[in-house]
Structures are given as structure tokens and as C-alpha cells.
Amino acid sequence: SIIEWSLTKLRCSQEDTKLRYQRALEILQEREGKAEKKMDDLIDLRLENPAAFTPESFERKRKGIEAELRDIKKKRKDREAAAKTWRDGVLDGVAFLEGVRERFEKEEDQRLSILQELGQRLELRDKVLTFQLADPYFSLKEARDAMEAAVGRLEPLNCGLDKVQKDIFEIAISVWSG
């Protein structure tokens, strides 16, 4: 049914997005670790050899690394806020879909309008009913189409992300990240 299909698509989207957010957070954490190490190395060098820097050049380098750390922390905070917004949207979508099932079963006279809430329009082509999807589902379809155009199918149907070749997965992440 359309509800199970929608839940499956939402679940797949959630898994993909979760991995993308995790990878972005890992990259920011790596960058933060490298910047912290640069700061430690700079301070160690200053303590070991005070003549290596003028006070002005040391302050300039220290402030540059501090600015880099602030930028990374700001990006992490932005990423965490985006992840929360995304999670809230997924939960809203699940709640909507769970409510749709109950409404569809109980409100027979509203079934057409319920289907229209899920899709902008219903089309019958070659005896097959198709849905022209509305947001957020339409954006998922567009993302899938863009990905398939860029790298082809990522995986066979019902195949987990752990089965995807790493090089293809990296290409996919770069396409998803824009």
C-alpha cells in the first residue's frame, strides 16, 4: 500500500541522511582535533624555543588557530541544529503516515483527499496508478533521480548501505553534499 511504501521511503531516506550527518560530524571532529593539535604544537614550540617567534607572530598564529577552532565549532553547532530539524521532520512524517493509515481506514469518504495529501496528483498510466509526489517525498525522488544520473544505481533493491562499494558511496556523499 502507499502507506507502507511511504514508510519504506522515509526509512531509507532516514538511513541515508543519518549516515550523511554522521560523516559530516566525523569530518568536523577530525578538523577540530587537527586544529587543537596545531595549537598544542604551537604552544610547545613557543615553550621549547622562545626565540622561534616574535611575540607578535606568535599571537597572530595563535589567533588564527583560535579563529579556525571557533569556525569549526560554529559549523558543528549548525550541523547539530540541522540534524535536529531533520530528525523532527522525520518524526513528523512518521506521525503523519501513522495517522494517515488510521484516517484512511476510518474515513472512507476522505480517502481521495488523503491520497492527495500524500501526492499532488494521482495518474493512471497503462493500468498502473502512480503518484506525483509532494514535498517532502518529491524532494526524495528528485535526490534519487539526481544520484542515479550521476553514478547510476547505488545498490540493488533491498540491499543495505554496508553492501555498497566504498568508492561509489563516497561519490554519492559528494553529490548529496552539493
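K.L.:
Describe the overall build of the chain, with residues and values.
P.N.:
Regarding its fold elements, the chain presents five helices and two strands. Beginning at the N terminus, the succession of helices and strands in the chain can be written as α-α-α-β-β-α-α. In the chain, which comprises 178 residues, the proportion classed as buried is 23%. Across the chain, contacts joining residues at least 24 apart in sequence account for 53% of those joining residues at least 6 apart. Approximately 12500 Å² of the chain is accessible, and the part contributed by carbon and sulfur atoms is 54%.

K.L.:
Which residues make up the confidence of the model for the chain, and what values do they have?
P.N.:
In the predicted model, the chain carries a mean pLDDT of 76, and 62% of its residues have values of at least 70. Mean pLDDT values for the elements of the chain range from 62 in helix H5 (residues 166-177) up to 85 in helix H2 (residues 55-106).

K.L.:
Account for the side chain of Glu32, naming residues and giving values.
P.N.:
Inspection of the secondary structure assignment puts Glu32 in helix H1 (residues 2-48). For Glu32, the side chain forms a polar contact with the side chain of Arg76, separated by 2.4 Å. Once you skip the residues sitting within four places of it in the chain, Glu32 turns out to touch Leu69, Ile72, Lys73 and Arg76.

K.L.:
Kindly report on the nonpolar core, identifying the contributing residues and their values.
P.N.:
The biggest cluster of nonpolar side chains holds nine residues, and these are Leu28, Ala35, Met39, Leu42, Phe53, Phe58, Ile65, Leu69 and Ile72. Among residues more than four places away in sequence, those in contact with Leu28 are Ile72, Lys75, Arg76 and Arg79.

K.L.:
Lay out the packing of aromatic side chains with the relevant residues and their values.
P.N.:
Taken as a whole, this structure holds one aromatic pair when the rule is applied. Directly above the ring of Phe58 sits Arg46, whose terminal nitrogen or CZ lies 5.0 Å from the centroid.

Quick notes on the rules
Per chain, residue numbering runs from 1 following the sequence as it is written. In keeping with the predicted nature of the model, local features appear solely for residues at pLDDT of at least 70, side-chain atom pairs appear and are counted solely at 80 or more, and the whole-chain, interface and lining totals rest on all residues. Values reported for side chains reflect all heavy atoms of the structure, with hydrogen atoms and water molecules removed beforehand. The helix and strand labels rest on DSSP assignments: H or I over at least four residues marks a helix, E over at least two residues marks a strand, and numbering proceeds from the N terminus. Each residue is assigned to one of three classes by its accessible area relative to the maximum for its type, calculated with a 1.4 Å probe on protein chains only: buried under 20%, partly exposed between the two thresholds, exposed over 50%. By the convention used here, residues are in contact when the closest approach between their heavy atoms is within 4.5 Å. Method for areas: the Shrake-Rupley scheme with a 1.4 Å probe, in which residue coverage is limited to the protein chains shown. In predicted models, pLDDT denotes the confidence assigned by the predictor to each residue on a 0 to 100 scale. In the analysis that follows, any N or O atom pair within 3.5 Å is treated as a polar contact, provided that within protein one partner can donate a hydrogen and the other can accept it, and provided that, for residues neighboring in sequence, both atoms belong to side chains. Among buried residues, those of type Ala, Val, Leu, Ile, Met, Phe, Trp, Tyr and Cys that are joined through side-chain atoms within 4.5 Å constitute a nonpolar core. In summary, the pairing rule links any two rings of Phe, Tyr or Trp, Trp by its six-membered ring, whose centres are within 6.5 Å, and it sorts them by plane angle into stacked for under 30 degrees, edge-to-face for over 60 and tilted for everything else. In our convention, an over-ring charge means Lys NZ or Arg CZ found within 6 Å of a ring centre and within 35 degrees of that ring's normal.

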